[in-house]
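# A look at the structure
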Amino acid sequence: MNLTIAWRNLWRHPRRTLVILLAVIVGVWAMVFYAAFIRGMMADMLRQGIANLTGHVQVQAPGFFENPVIDARIRDVATVRDALGSLLPEGARWTSRLRTGAVVRSPHGAYGVTLVGVDPAAEHGMSFLADSVTEGSGLANAPHGLLVGRALLVKLEARTGHRLVIDAQDASGQIVSRAFVITGVYRAQLETTEKQLIFCRRETLQRMLGVGGDVSEFSIVLPAAEESPAVARTLRERLPESAFRVLTWREMIPFVGAYLDSMTVYALIWNVIVFVAMAFGLVNSVLMAVFERVREFGLVRALGITPFGILGGVVLETACLLVVGAAGGSLLAAVTVETLGRTGIDFSAFSAGTEYFGLARIVYPEAAASDYALAAGTVFVLGLLVSLYPAVKAARITPVAAMAHV
Amino acid sequence: MRANTRHRVIPILFLAAVSASAGAEVMLPAVDLVRAAFEHYRGAASFGSMRMTIHRPGWERTQEMDAWTRGDKDAVVIITAPVRDRGNGTLKRGDQMWTFNPRINRVIKLPPSLMSQAWMGSDFSYHDLARSDTILVDYTHEIVERIQDGGHTVYRVRLTPRPDAPVVWGTEELLIRDDFVVLEERYFDQDGRLVKTLVATEIEMLGGRLLPRVSTMVQADDPERFTRVEYLALEFRDAMPDRYFTEAFLRNPRD
């Protein structure tokens with residue numbers, strides 16, 4: 001009964017109601033969409049971070065993370081292999097790599113890089129490497145092949161089929177130099193990656209550096225990022241701390257973790273900002289609706305409705321407005337997120353700028369149920385709170401004052 | 001970084017030594033021609049002073065330096081002028097290098113990564129200078145042309161790196177005169193483009209041997225970018241005591 005009256009009251013001035021309804025809809029949409037955008041960006045950041053030869057969990061030698069030199073390597077490879085074989089959950093994948101600082105030389109320049117010896121077949125689904133080779137055949141059939149980033153290749157003025165010379169420090173501390181042939185070119189999301197990392201076969205690098213079967217890291221990719229701490233704990237129990245160090249992605253790329261953690265806070269702040277803008281319109285229109293009905297409120301007071309009844313009526317009107325607005329806004333946001341989530345939002349025009357922050361060239365927004373709940377909840381609760389002001393004003397109207405009101 | 005400049009000395013000495021013996025008209029296979037030239041240099045010890053000029057389109061810088069060398073492994077070079085740079089020095093012993101800067105009064109061992117960099121200001125890279133016998137080991141050699149030049153025959157020798165040799169060049173060419181003076185060394189990239197050329201000029205008697213007094217490394221894409229090294233004095237010695245190739249001498253070079 002009260003609801004019906006509130007609903008009818010709302011539509012006594014359809015245009016005014018529609019305008020404020022539109023404001024609520026746009027507000028909710030902005031809240032949800034922003035959250036979805038940030039979420040998509042973060043998901044991509046995490047994906048990229050994991051794929052950037054990080055993995056969810058890594059086993060390294062102690063000290064390698066702080067100072068990645070060839071001396072800090074895993075010498076007891078079999079123990080790690082056994083542990084991974086028996087302890088990893090279903091669906092987990094792993095590979096081992098050997099890394100070293102090196103200088104790569106061509107006739108046109110010499111640059112410091114990180115040379116990574118990989119098992120090309122095992123990198124599929126583990127890192128960006130397998131899907132990023134744009135030219136050449138990669139490392140599969142070339143014992144002394146080299147996979148070089150596009151940007152570095154430009155600096156070296158070289159191309160597929162050319163020789164490059166690599167200098168690196170071997171296990172005994174001597175400098176070893178060797179010629180490699182460029183058998184592949186890769187593109188990475190970030191140009192710094194292309195300039196920093198070059199790849200060769202793991203066995204080739206092991207032979208060149210004289211380290212036997214030793215590796216720098218075991219990288220593990222799990223079915224879900226959330227399993228990382230548990231898996232790391234199990235591995236830590238098995239692998240003695242004196243010879244091995246187990247790291248999760250949160251320890252290896254802490255800024256990504258920090259971004260993810262602060263995301264909810266960002267969304268909440270944004271929601272409040274949007275709401276404040278919306279609140280002025282809301283209060284104004286409810287206040288107008290109250291003031292033009294002073295005589296009416298006086299009449300119903302005289303007929304025996306309590307001030308609380310009037311207060312409830314006004315709040316209920318606002319509630320109707322907010323519910324319809326929140327539903328409309330959520331629906332609109334769902335449609336937008338769904339569409340753009342499929343096509344992506346292309347930022348390649350600004351890629352030089354966004355790259356700087358480690359962000360993707362194309363963002364795919366994705367909204368969680370909590371994003372909708374947070375947006376609708378903020379609007380509804382805060383909306384009701386601010387509508388108390390006009391509602392209290394309405395409740396204070398007495399029949400006598402109403403009669404004096406023209 | 002300035003210290004690295006001293007290593008430019010080495011190829012100059014190499015060229016000098018290569019041309020040290022005035023041979024008769026020879027019909028050697030290419031590899032022997034290169035080896036014959038190289039063998040004359042090996043084991044020689046020398047003291048020289050030289051002037052180096054780095055030329056760029058906009059500016060030019062000149063430094064003078066003293067250099068002591070022994071074989072193709074050991075060298076010490078000390079800058080003598082301008083005053084601003086005096087006392088800066090570099091020591092090379094085997095594959096290792098140290099620099100000394102009098103302002104900070106400290107000897108610093110150069111990390112290997114730095115040793116493989118091209119020196120920023122000049123047109124010589126460390127690898128141009130430290131090559132020693134790699135010119136024989138890492139390449140296959142072929143005489144591609146015999147040029148009659150006045151009374152001399154000049155052999156154009158093409159050097160092709162062996163497949164796994166740590167050589168960045170596509171090919172190199174040496175112009176060796178029949179008296180073993182190396183007149184020119186040309187560096188080509190892997191597309192066959194000329195990258196830079198080391199030209200020896202003013203061939204005259206120096207320290208009792210026939211040597212190019214001036215050597216110039218010119219960038220192929222811009223003739224306004226070159227580094228020229230000229231000998232002011234040069235003497236050869238049969239031996240050089242170890243004390244020259246120490247950090248103590250680097251700090252305090254008293255001959």
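Residues numbered from 1 in each chain as written. Chains lettered and ligands numbered in written order. Predicted model: local features only at pLDDT ≥ 70, side-chain atom pairs only at ≥ 80, totals over all residues.

### Examining the overall build of chain B
Helix and strand counts for chain B stand at 6 helices and 13 strands. Within chain B, the proportion of its 255 residues that are buried is 41%. Pairs at least 24 apart in sequence give 50% of the contacts found in chain B among residues at least 6 apart. (Helix = DSSP H or I, 4+ residues; strand = E, 2+ residues; numbered from the N terminus. Buried ≥ 20, exposed ≤ 12 C-beta atoms within 10 Å, placed from the backbone. Contact = placed C-beta atoms within 7 Å.)

### Digging into the overall build of chain A
For chain A, the count of helices and strands is 14 helices and 12 strands. The C-alpha radius of gyration of chain A comes to 31 Å, more than 25% above the 22 Å expected for a compact globule of 406 residues. In terms of overall dimensions, chain A has C-alpha extents of about 100 × 50 × 30 Å along its principal axes. Classification of the 406 residues of chain A by burial places 42% in the buried group. Residue pairs at least 24 apart in sequence account for 82% of intrachain contacts in chain A once pairs closer than 6 positions are excluded. (Rg over C-alpha atoms; globule rule 2.2 N^0.38 Å.)

### Points about unusual backbone geometry
With glycine set apart, most residues show a phi of negative sign, and most peptide bonds adopt trans. With omega at 0°, the peptide bond leading from A81 of chain B into P82 of chain B counts as cis. Counting through the fold element by element, P82 of chain B comes out in the loop between β3 (74–81) and β4 (89–93). Positive phi values are uncommon outside glycine, yet L53 of chain A reaches one of about 60°. Note that L53 of chain A resides in the loop between α2 (14–51) and β1 (57–60). Residue class for L53 of chain A comes out buried when judged on the 24 C-beta atoms lying within 10 Å of it. Positive phi outside glycine occurs at F180 of chain B, with the angle close to 70°.

### Digging into the interface of chain B and chain A
Contacts between the two partners involve 17 residues from chain B and, on the opposite side, 16 residues from chain A. Taken together, the residues of the side of chain B that touches chain A sort by class into 10 nonpolar, 4 polar and 3 charged. (Nonpolar A, V, L, I, M, F, W, Y, C, P; charged D, E, K, R; others polar.)

### Structural notes on the environment of K109 of chain B
All names here are of chain B. Tracing the backbone shows K109 in strand β6 (residues 106–109). The exposure class assigned to K109 is exposed, which follows from the 12 C-beta atoms found within 10 Å. Sequence-wise, K109 and T201 are 92 residues apart; in three dimensions their C-alpha atoms are separated by 34 Å. Residues within four places of K109 in sequence aside, it is in contact with Q96 and W98.

### Regarding the packing of α2 of chain A against helix α11 (residues 307–343) of chain A
Residues and elements named next belong to chain A. Put simply, α2 and α11 touch, their axes get as near as 7 Å, and they point 45° apart. With respect to α11, the element α2 is oriented oblique. Classified by chirality, the crossing of α11 by α2 is right-handed. Along its contact with α2, which presents T17, I20, L21, V24, I25, V26, G27, V28, W29, V32, F33 and A36, the element α11 presents L321, L322, V324, G325, A326, G328, G329, S330, L332, A333, T336 and V337. (Axes fitted to C-alpha atoms, helices over the stretch in contact; angles between N-to-C directions. Parallel < 35°, antiparallel > 145°, perpendicular 65-115°, else oblique. Left-handed = near helix turned anticlockwise from the far one by under 90°.)

### Some words on the confidence of the model for chain A
A residue-level look at chain A finds 97% of positions with pLDDT of 70 or above and a mean pLDDT of 88. At the low end of the mean pLDDT range in chain A sits helix α12 (residues 351–356) of chain A, at 56; at the high end sits strand β8 (residues 197–201) of chain A, at 94. (pLDDT = per-residue confidence, 0-100.)

### Remarks on helix α9 (residues 254–291) of chain A
Between its terminal C-alpha atoms α9 of chain A stretches 55 Å, which fits the 56 Å expected from 38 residues at 1.5 Å a residue. Along α9 of chain A, the helix axis deviates most sharply at S262 of chain A, where the bend reaches about 40°. (Expected span 1.5 Å × (residues − 1). Bend = angle between axes of the 7 residues up to and from the residue.)

### Some words on helix α7 (residues 228–238) of chain A
Since the α-helix advances by 3.6 residues per turn, residues separated by three or four positions end up pointing in the same direction. Residues and elements named next belong to chain A. Taken as a whole, α7 has its buried residues at S228, V231, A232 and L235. End-on, the buried residues of α7 take up no more than an arc of 100°, which puts them together on one face. What points out from α7, more than 90 degrees from its buried face, is the exposed set R233 and E237. Tucked into the core, α7 has its buried residues touching β1, α3 (77–87), β10 (245–248) and α8 (249–252). (Arc of directions from axis to C-beta.)

### Remarks on the pairing of β8 of chain A
Residues and elements named next belong to chain A. In terms of burial, β8 is largely enclosed, as 5 of its 5 residues are buried. For strand β3 (residues 109–118) and β8, the ladder comprises 5 bridges, and the chain directions are parallel. Its bridge partner being in β8, L115 is matched across the sheet by I198. Sheet topology places strand β5 (residues 145–149) next to β8; 2 bridges connect them, and they run antiparallel. If you follow V148 over to β8, its bridge partner there is I198. (Pairing = 2+ DSSP bridges.)

### Concerning the environment of A233 of chain B
Residues and elements named next belong to chain B. By the element assignment, A233 lies in strand β13 (residues 226–237). Distance from A233 to M50, taken between C-alpha atoms, is 6.8 Å for residues 183 residues apart in sequence. In this structure A233 touches G48 and S49, once residues within four positions along its chain are discounted.

### Some words on the pairing of strand β11 (residues 194–206) of chain B
All names here are of chain B. Relative to β11, strand β10 (residues 182–188) runs antiparallel, the two being bridged by 5 bridges. Residue pairing in the sheet places R186 in a bridge with T197 of β11. Linkage of β10 to β11, two consecutive antiparallel strands, is achieved through a turn of 5 residues, within which G192 is found at a positive phi near 80°. As paired elements, β11 and strand β12 (residues 209–219) share 10 bridges and run antiparallel to each other.

### Observations regarding the confidence of the model for chain B
Per-residue confidence for chain B averages 79 on the pLDDT scale, and 79% of its residues sit at or above 70. Low pLDDT, under 50, characterises residues 1–26 of chain B; the predicted model gives this stretch 81 contacts beyond four residues in sequence or across chains.

### Observations regarding the environment of Q174 of chain A
Along the chain, the position of Q174 of chain A falls in the loop between β6 (163–169) and β7 (175–186). For Q174 of chain A and L209 of chain A, which are 35 residues apart along the polypeptide, the C-alpha to C-alpha distance reads 9.1 Å.

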